[in-house]
Amino acid sequence: MESIALKATGINKYFHDPVTIPVLKNITLDVRKGEFVSIVGKSGCGKSTLLYVLSTMDTDYEGTLDINGVQATGKSLNALARIRNESIGFVFQFHYLLPDFTCLKNVMIPGLRLGKYSYKEVEARAYEKLKMFGVEDQALKRADKLSGGQQQRVAIARALINEPAIIMGDEPTGNLDSKNTGIVFDLFQKLAKDFGQTIITVTHDEDFARRSDRIIEMADGEIKSHGK
Amino acid sequence: MKINVNTEIALTYLSARKKQTAIAAAGVMFGISMFIFMQSLMKGTNDYFEKMSFNSTPHIRLYSENKVADTHMLNSYLKDSSVKILTNPKQLIQTLGINNPYGIIKEIIKYPRVANVTPQVTANVIYTSGSVQIDGNVAGVNIDQEDKMFDVQSNMIAGDLHDLNRVNNGLLIGKGVADKLSLHVGDNITVTSGTGSPTIMRVIGIFATTIKQIDETKSYANIVQAQNLLGKDRSYVTDIKINIDDYNNAPAVARDLETITGYKAEDWVQANEQLKAAFKIRAVILNSVIGVLLLVAGFGIYNILNMTIYEKIKEIAILKAQGFSGPAVTSIFLQQAIYIGVLGGIIGVIVGFLITLMVSRIYIGAGSLKYLPMSFYTPHYVEAIIFGILTTVAAGFFPARKASKVDPVTIIRG
Ligand SMILES: Nc1ncnc2c1ncn2[C@@H]1O[C@H](COP(=O)(O)OP(=O)(O)OP(=O)(O)O)[C@@H](O)[C@H]1O
Ligand SMILES: [Mg+2]
């Protein structure tokens with residue numbers, strides 16, 4: 001039996017503004033270790049919302065969530081923060097770097113927070129990640145001075161710094177040209193195949209989705225298809 | 001260089017808004033330097049007045065006081081373990097004056113902390129010169145001891161105080177008395193006490209303290225002369241004045257001396273209630289001013305942090321999404337407050353010292369007070385730093401806690 005990286009059981013979530021509406025309806029989902037999964041669906045169907053729940057950031061839901069075989073549901077916020085720092089890399093739909101810091105620092109911060117490696121090592125690793133996405137020449141620039149696509153690549157580099165077991169992306173390639181999208185895809189695939197890291201990405205890019213291991217289709221807060 | 005990531009983020013945020021940081025730190029600086037300056041001024045002034053009061057008041061004054069009858073006579077008569085009970089005790093008239101004063105003085109000198117002891121005969125008198133009469137009091141003293149304890153010499157404006165030992169019927173009068181009766185050194189003055197006959201005395205000197213009331217009433221005579229004025233014998237003494245090594249111990253020593261001698265021992269704190277009241281009032285005023293200053297400084301910090309948090313709320317959400325826990329976020333913002341406080345505090349301590357130094361050189365020349373009395377007292381600086389830190393932490397705590405409670409999903413979803 002292959003080990004499960006992420007397991008969601010019977011997730012329901014509601015928004016109460018202005019009236020109570022269900023956004024996620026009874027979502028049950030398993031993602032294996034080393035699997036590269038794409039989530040697709042129409043705008044507004046609840047993909048981002050689901051991803052926030054799966055990433056442990058959102059705790060306001062019904063159902064249970066297990067990360068690496070450990071139940072995350074019901075854990076304290078501090079414990080969840082620790083899980084995110086150590087095991088989950090997240091790429092937001094709209095990059096979201098810290099503008100006062102250099103790109104290098106942005107990538108380093110989660111690594112420094114984890115405290116597993118020395119400052120020098122974290123710096124070297126961060127630099128190496130930037131290099132993988134071709135933004136190493138921007139390393140010492142303030143993050144808000146970069147183009148959208150460059151910022152997105154820095155954000156992906158940042159998600160990888162702690163070598164998390166699970167990488168989640170909310171349209172991580174939404175701002176990228178086809179060449180850079182290709183680079184990101186190949187890298188994700190390599191991380192999954194060679195290093196057993198699990199990738200879960202929301203994408204509107206059909207080509208990107210088709211080439212991943214599995215496509216989960218969502219519609220109206222429900223999973224329509226779990227893929228093969 | 002290994003600094004904590006929280007510290008690094010805190011410092012980056014501070015240096016990204018240099019101007020606001022500087023303003024907030026300036027607020028703290030102002031609060032701390034004023035704290036030090038005002039404390040120094042107050043302590044300096046208080047010390048000055050305290051010292052001044054010791055020019056006329058001894059640390060402890062021993063005198064006899066009417067008191068309620070107690071069992072002490074019975075105790076010395078019936079030295080057994082029987083229980084003595086007085087029913088309906090009454091006030092007893094004392095013979096005004098201390099029994100066996102020189103025996104008691106010997107007793108007191110044996111007490112370890114006592115530095116100086118001198119007897120005094122106080123007589124309420126009427127000074128007469130020509131047709132003018134004024135009320136006053138004569139202190140019959142041993143002028144050499146008196147000078148040693150109260151530095152009478154420093155108040156002398158005419159004559160020689162040692163003439164009190166040489167000139168028969170000599171009198172050393174206050175400047176106010178001299179002015180009112182237009183007396184000069186060498187003039188005669190008639191002194192009348194309630195119990196004795198009028199005596200003609202000779203002005204041998206004039207003194208001026210800074211206290212008008214004393215100058216207008218007081219005069220010094222030889223103790224024997226004062227006893228004569230009152231028509232009393234050589235063993236008649238009304239007060240024994242005692243100075244001790246450290247006047248702050250006066251209340252405790254006074255209590256001991258009371259038990260040893262059986263007479264009332266009044267320490268300078270009791271004798272100077274109004275001085276103490278003035279100290280207290282000044283302290284209240286000062287503390288309110290300082291409180292306001294620190295409050296303003298605190299608000300400066302509170303404000304800049306609140307603004308930072310408002311602007312950076314998205315970034316806080318990102319940090320939390322990346323695994324910064326609530327306490328880590330609190331630490332980031334609390335550290336910012338602390339660095340502002342430390343920066344403002346250090347400069348404030350220096351500026352406070354400089355202001356104190358400068359003001360202590362301002363010449364004012366009122367009476368014997370030439371310069372503003374400022375004290376340079378290390379605990380003020382320590383207190384200023386402690387208060388600064390407390391204010392900073394208190395001001396930083398609430399914004400920091402608010403930041404730590406930011407819900408990343410709500411913010412990131414927009
Ligand atoms: N704070 C909120 N309050 C109420 N409704 C919300 C809130 N946030 C999102 N929704 C609703 O929840 C639904 C799902 O939103 P979500 O952002 O998950 O969509 P999505 O699938 O990521 O869309 P997109 O592809 O455009 O990013 C939408 O209908 C949206 O209007
Ligand atoms: Mg979305």
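Note that the coordinates shown come from a computational prediction; the quantities given were computed from them, not determined experimentally. (Residues numbered from 1 in each chain as written. Chains lettered and ligands numbered in written order. Predicted model: local features only at pLDDT ≥ 70, side-chain atom pairs only at ≥ 80, totals over all residues. Heavy atoms only, no water.)

Caption draft 1: Region of the structure containing the pattern of salt bridges. Following the criterion strictly, the structure yields 32 salt bridges over all chains and no others. Between A:E163 and A:K129 there is a salt bridge; the shortest N-O distance is 3.8 Å. Placement of A:E163 in the loop between α5 (148–160) and β7 (166–170) and of A:K129 in helix α4 (residues 119–132) is noted, with a sequence separation of 34 residues between them. You can call A:E163 partly exposed: its relative accessible area is 40%. Between B:R166 and B:D160 there is a salt bridge, with the nearest N and O atoms lying 3.1 Å from each other. Given the relative accessible area of 58%, B:R166 is considered exposed. (Salt bridge = Lys/Arg side-chain N within 4 Å of Asp/Glu carboxyl O. Helix = DSSP H or I, 4+ residues; strand = E, 2+ residues; numbered from the N terminus. Buried < 20%, exposed > 50% of the residue type's maximum accessible area, 1.4 Å probe, protein only.)

Caption draft 2: Looking closely at the layout of surface pockets. All names here are of chain B. The space that makes up the largest pocket amounts to roughly 830 Å³. For the lining of the largest pocket, the elements supplying multiple residues, two or more each, are α2 (18–53), β4 (114–129), β5 (132–141), α8 (212–215), β11 (239–244) and α12 (273–311). Top contributing element to the lining of the largest pocket by residue count: α2, with four residues. Classifying every residue of the lining of the largest pocket by side-chain character gives ten nonpolar, eleven polar and four charged. Taken together, domain 1 (5–53 + 275–413) and domain 2 (60–64 + 95–267) each give at least three residues to the lining of the largest pocket, which thus spans both. (1 Å grid on protein atoms, 1.4 Å probe; cavity = no way out; pocket = protein on both sides within 12 Å on 5 of 7 lines; lining within 4 Å. Points joined across faces, edges and corners; volume = space filled by probe spheres on them. Nonpolar A, V, L, I, M, F, W, Y, C, P; charged D, E, K, R; others polar. Domains from an automatic or database assignment.)

Caption draft 3: Examining the packing of aromatic side chains more closely. As enumerated under the stated definition, the model contains 17 aromatic pairs over all chains in all. Measuring from centroid to centroid gives 6.2 Å for B:Y13 and B:F333, while their planes differ by 45°, and the two rings are tilted. In this pair, B:Y13 is assigned in helix α1 (residues 5–16) and B:F333 in helix α14 (residues 326–359), connecting sequence segments 320 residues apart. By relative accessible area, which is 1% here, B:Y13 ends up buried. Summarising the aromatic geometry, the rings of B:Y48 and B:F49 are spaced 5.6 Å apart at their centres and angled 70° between planes, so their arrangement reads as edge-to-face. In textbook terms, an aromatic cluster arises when at least three aromatic residues are bridged by ring pairs, as seen for A:F36, A:F185, A:F188 and A:F208. In this arrangement the basic side chain of A:R125 is found over the ring face of A:Y117, its NZ or CZ atom lying 3.8 Å from the centre. (Phe/Tyr/Trp six-rings, centres within 6.5 Å; stacked < 30°, edge-to-face > 60°. Lys NZ or Arg CZ within 6 Å of the ring centre and 35° of its normal.)

Caption draft 4: Structural context of the interface of chain A and chain B. Contacts between the two partners involve 24 residues from chain A, matched on the other side by 26 residues from chain B. Summing both partners gives a buried area of about 2,300 Å² for chain A against chain B, and 64% of it is carried by carbon and sulfur. The three residues of chain A that bury the most area against chain B are A:Y96, A:D100 and A:R113, which together make up 26% of that side's buried surface. Along the contact surface separating chain A from chain B lie two salt bridges. For B:E8, the salt bridge is made with A:K105, and the minimal N-O distance between the two is 2.4 Å. Joining chain A to chain B, the criterion identifies nine residue pairs in polar contact (both at pLDDT 80 or more). Elements with a minimum of two residues in the side of chain A that touches chain B: β1 (4–15), α1 (47–54), α2 (77–87) and α3 (103–114) of chain A. Residue contributions to the side of chain A that touches chain B peak at five residues, all from α3(A). Split into classes, the residues belonging to the side of chain A that touches chain B amount to 14 nonpolar, three polar and seven charged. (Contact = heavy atoms within 4.5 Å. Buried area = accessible area lost by both parts, 1.4 Å probe. Polar contact = N/O pair within 3.5 Å; in protein donor to acceptor, adjacent residues only side chain to side chain.)

Caption draft 5: Seen up close, unusual backbone geometry. Residues and elements named next belong to chain A. Residues other than glycine seldom take positive phi values, yet T56 does so here, at roughly 75°. As for its position among the elements, T56 is in the loop between α1 and β4 (62–67). A relative accessible area of 3% places T56 in the buried class. One non-glycine residue, D220, lies in positive phi territory at about 55°. By relative accessible area, D220 is classed as exposed at 58%.

Caption draft 6: Expanded view of the site of ligand 1. In the vicinity of ligand 1 there are 15 residues, among which A:S43, A:K47, A:S48, A:T49 and B:R413 approach most closely. Ligand 1 is flanked by residues contributed from chains A and B. One of the side-chain nitrogen or oxygen atoms of A:K47 is found 2.8 Å away from an oxygen atom of ligand 1. Taking A:S48, its side chain carries an N or O atom lying 2.7 Å from an oxygen atom of ligand 1. Considering ligand 1 on its own, with 640 Å² of exposed area, one finds that the protein chains cover 68% of that surface. The element that contributes the greatest number of residues to the shell around ligand 1 is α1(A), accounting for three residues. In terms of residue class, the shell around ligand 1 is made up of three nonpolar, seven polar and five charged. (Near = heavy atom within 4 Å. Areas by Shrake-Rupley, 256 points an atom, 1.4 Å probe, with all protein chains shown as cover.)

Caption draft 7: Representation of the domain arrangement of chain B. Domain boundaries assigned for chain B yield domain 1 (5–53 + 275–413) and domain 2 (60–64 + 95–267). Centre-to-centre, using C-alpha coordinates, domain 1 of chain B lies 52 Å away from domain 2 of chain B.

Caption draft 8: Fine view of the side chain of B:T209. Residue and element names in this part refer to chain B. Along the chain, the position of T209 falls in the loop between β9 (199–207) and α8. At a separation of 2.9 Å, a polar atom in the side chain of T209 contacts the side chain of D215. With sequence-adjacent residues up to four places away left out, T209 is seen in contact with N155, I214 and D215.

Caption draft 9: Summary view of the sheet that holds strand β2 (residues 21–32) of chain A. Residue and element names in this part refer to chain A. Overall, antiparallel pairing links the four strands, which are arranged β2-β1-β4-β5 in an open sheet. With one partner strand each, in any of the chains shown, β2 and β5 (70–71) form the two edges of the open sheet. In the sheet, β4 pairs with β5 via two bridges, with the strands oriented antiparallel. In the sheet register, I67 faces β5, and the bridge partner there is V70. (Pairing = 2+ DSSP bridges.)

Caption draft 10: Structural context of α3(A). In terms of residue burial, α3(A) counts as a mostly covered element, since eleven of its twelve residues are buried. Its buried side turned inward, α3(A) meets α2, α4 and α5 of chain A together with α1 and α13 (313–321) of chain B. Looking one or two residues beyond α3(A), the residue adopting positive phi is A:G115, at roughly 70°.

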